[in-house]
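Residue-level listing of the chains:
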Amino acid sequence: MTDLDQFESAFKSSVKTLFSYEPIEVREVMIVTDMDSRGLEEFAGKVRRFLGVWEEKVAKWHLVEGSEFHTAAQLLELVERCRPELVCTYRNLHSTAWRFPFSLGKHLDVLTQHVQVPVLVLPHPKDSAAPSLPGDTLEVMAVTSRMTGDSRLVSYGAIFTQPGGTLFLAHV
């Protein structure tokens, strides 16, 4: 290396934050739907079965039906008030755009960008073309735009993955 800048660049590129496992306990889960109480109960039952790998550790389930919010700001207020450690929902809340596989919808778009807790995005319950929730979590994907220095995402992904399963990490 003939240039100090090249040396500095090579040196800095070798300095990486190492992964450090952080045990995660999810005691409060919020399930958000745009349906009435009957639809919410049905969806919540599916979510509980899907999260069976650790569902018995959850102390409180916050169930939110569609009449409790209409705007993204109202949804954010609900999350702030309840302070869950995980939010479970699906794309295109309060919209018929779930029929098209191209967007998250304004509620979920705002939610994923503004809350500090993980958001589990599940198939829309009315979408018959979408895969139904599996009974296991043998394959889990954790997606983020900022992977470096945050071990929590990997730790969260690990608690969802059944023993012997595979956790995929994706950076977008």
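Just so we're clear, the structure is a prediction, and the values are computed from it rather than from any experiment.

Trainee: Sorry if this is basic, but what is going on with the overall build of the chain here?
Mentor: Along the backbone of the chain there are five helices and six strands. Ordered by position in the sequence, the α and β elements of the chain form the string α-β-α-β-α-β-α-β-β-α-β. Across the 172 residues in the chain, those meeting the buried criterion constitute 34%. About 10800 Å² of surface is accessible on the chain, with carbon and sulfur atoms providing 53% of the total.

Trainee: Which parts of the structure should I look at to understand helix H2 (residues 37-50)?
Mentor: An α-helical turn contains 3.6 residues, so any two residues separated by three or four positions project in the same direction. In this model H2 runs 20 Å from its N-terminal to its C-terminal C-alpha over 14 residues, within 8% of the 20 Å that 1.5 Å per residue would give. Packed against the buried residues of H2 are strand S1 (28-32), strand S2 (60-64), strand S3 (86-90) and strand S4 (119-122).

Trainee: Help me out: how do you make sense of the pairing of strand S5 (residues 139-144) in this one?
Mentor: Walk down a regular strand and you will see the side chains alternate between the two sheet faces. Side chains Val140, Ala142 and Thr144 project from S5 onto a buried face, and the interleaved Glu139, Met141 and Val143 project onto a face without burial. Relative to strand S6 (residues 166-171), S5 runs parallel, the two sharing six bridges. Of the residues in S6, the one forming a bridge with Glu139 is Thr166.

Trainee: Got a minute to help me understand the packing of aromatic side chains in this structure?
Mentor: Applying the stated criterion across every chain yields a total of one aromatic pair. Ring geometry for Phe43 and Tyr90: centres 5.1 Å apart, planes at 85°, overall edge-to-face. Residue Phe43 is found in helix H2, and its partner Tyr90 is found in strand S3; the two are separated by 47 residues along the sequence. We classify Phe43 as buried; its relative accessible area is 3%.

Trainee: How do you make sense of the environment of Val47 when you look at a structure like this?
Mentor: Among the secondary structure elements, Val47 is positioned in helix H2. Taking the relative accessible area as the measure of exposure, Val47 reaches 0% and is therefore buried. Distance in space between the C-alpha atoms of Val47 and Leu133 is 7.9 Å, their sequence separation being 86 residues. For Val47, the residues in contact, after removing those within four places along its chain, are Ile31, Cys88, Leu122 and Leu133.

Trainee: How do you make sense of the sheet that holds S1 when you look at a structure like this?
Mentor: Strand order in the open sheet formed by four strands is S2-S1-S3-S4, with parallel pairing between adjacent strands. The two strands at the open ends of the sheet, each matched to only one other strand, are S2 and S4. Mean inter-strand twist for the sheet, computed between neighbouring axes without regard to direction, equals 20°. As paired strands, S1 and S3 are joined by three bridges and run parallel to one another. Bridging across to S3, Ile31 finds its partner in Cys88.

Trainee: How should I be thinking about a nonpolar patch on the surface in this particular structure?
Mentor: Residues Met141, Val143, Phe168 and Val172 make up a contiguous nonpolar surface patch of roughly 410 Å² in combined accessible area. Relative to the helices and strands, Phe168 resides in strand S6. Given the relative accessible area of 39%, Phe168 is considered partly exposed.

Trainee: I would appreciate a short explanation of helix H3 (residues 72-82) in the present structure.
Mentor: Turning to H3, its buried residues are Ala72, Leu75, Leu78 and Val79. End-on view of H3: buried residues confined to an arc of 115°, all on one side of the axis. Considering only its buried residues, H3 is in contact with S1, S2, S3 and helix H4 (106-114).

Trainee: Sorry if this is basic, but what is going on with the nonpolar core here?
Mentor: General note: in soluble globular proteins, nonpolar side chains tend to be found buried as a group. Residues Val29, Ile31, Leu51, Trp54, Leu86 and Cys88 are the most contacted members of the largest nonpolar core, which totals 35 residues. Of all the secondary structure elements, the ones that give two or more residues to this core are S1, H2, S2, H3, S3, H4, S4 and helix H5 (152-160). Residue contributions to this core peak at five residues, all from H2. Residues contacting Trp54, with those up to four places away along its chain left out, are Val26, Val29, Leu86, Ile159 and Phe160.

Definitions and cut-offs
- Per chain, residue numbering runs from 1 following the sequence as it is written.
- In view of the model being predicted, local features appear only for residues whose pLDDT reaches at least 70, and side-chain atom pairs are presented and counted only at 80 or more, with totals across whole chains, interfaces and linings using the full set of residues.
- Calculated side-chain values reflect all of the structure's heavy atoms, with hydrogen atoms and water omitted.
- A run of DSSP states H or I qualifies as a helix once it reaches four residues; a run of E qualifies as a strand once it reaches two. Both are numbered from the N-terminal end.
- A simple rule labels every residue: compare its accessible area, found with a 1.4 Å probe on the protein chains alone, to the largest value its type can have, and call it buried under 20%, exposed over 50%, or partly exposed in between.
- Note that accessible areas follow from Shrake-Rupley with a 1.4 Å probe, and for residues the cover is restricted to the protein chains shown.
- An expected span of 1.5 Å times one less than the residue number is assigned to each helix.
- Contact criterion: two residues are considered in contact whenever any of their non-hydrogen atoms come within 4.5 Å of each other.
- Between any two strands, at least two bridges found by DSSP are needed for them to pair.
- Note on aromatic pairs: the rings of Phe, Tyr and Trp (six-membered ring only in Trp) are paired at centre separations within 6.5 Å, and the planes decide the class, stacked below 30 degrees, edge-to-face beyond 60, tilted for the rest.
- Note on definitions: angles span 0 to 180 degrees between N-to-C directions of axes, and those axes are lines fitted to C-alpha atoms, for helices only across the stretch in contact.
- Patch membership requires more than 30% relative accessible area and the absence of a salt bridge. Residues of like charge join within 9 Å; the nonpolar side chains Val, Leu, Ile, Met, Phe, Trp and Tyr join within 5 Å.
- Salt bridges are defined by distance alone: a side-chain nitrogen of Lys or Arg within 4 Å of a carboxyl oxygen of Asp or Glu.
- The arc in question is the one traced by the directions running from the helix axis out to the C-beta atoms.
- Side-chain atoms within 4.5 Å are what join buried Ala, Val, Leu, Ile, Met, Phe, Trp, Tyr and Cys residues into a set we call a nonpolar core.

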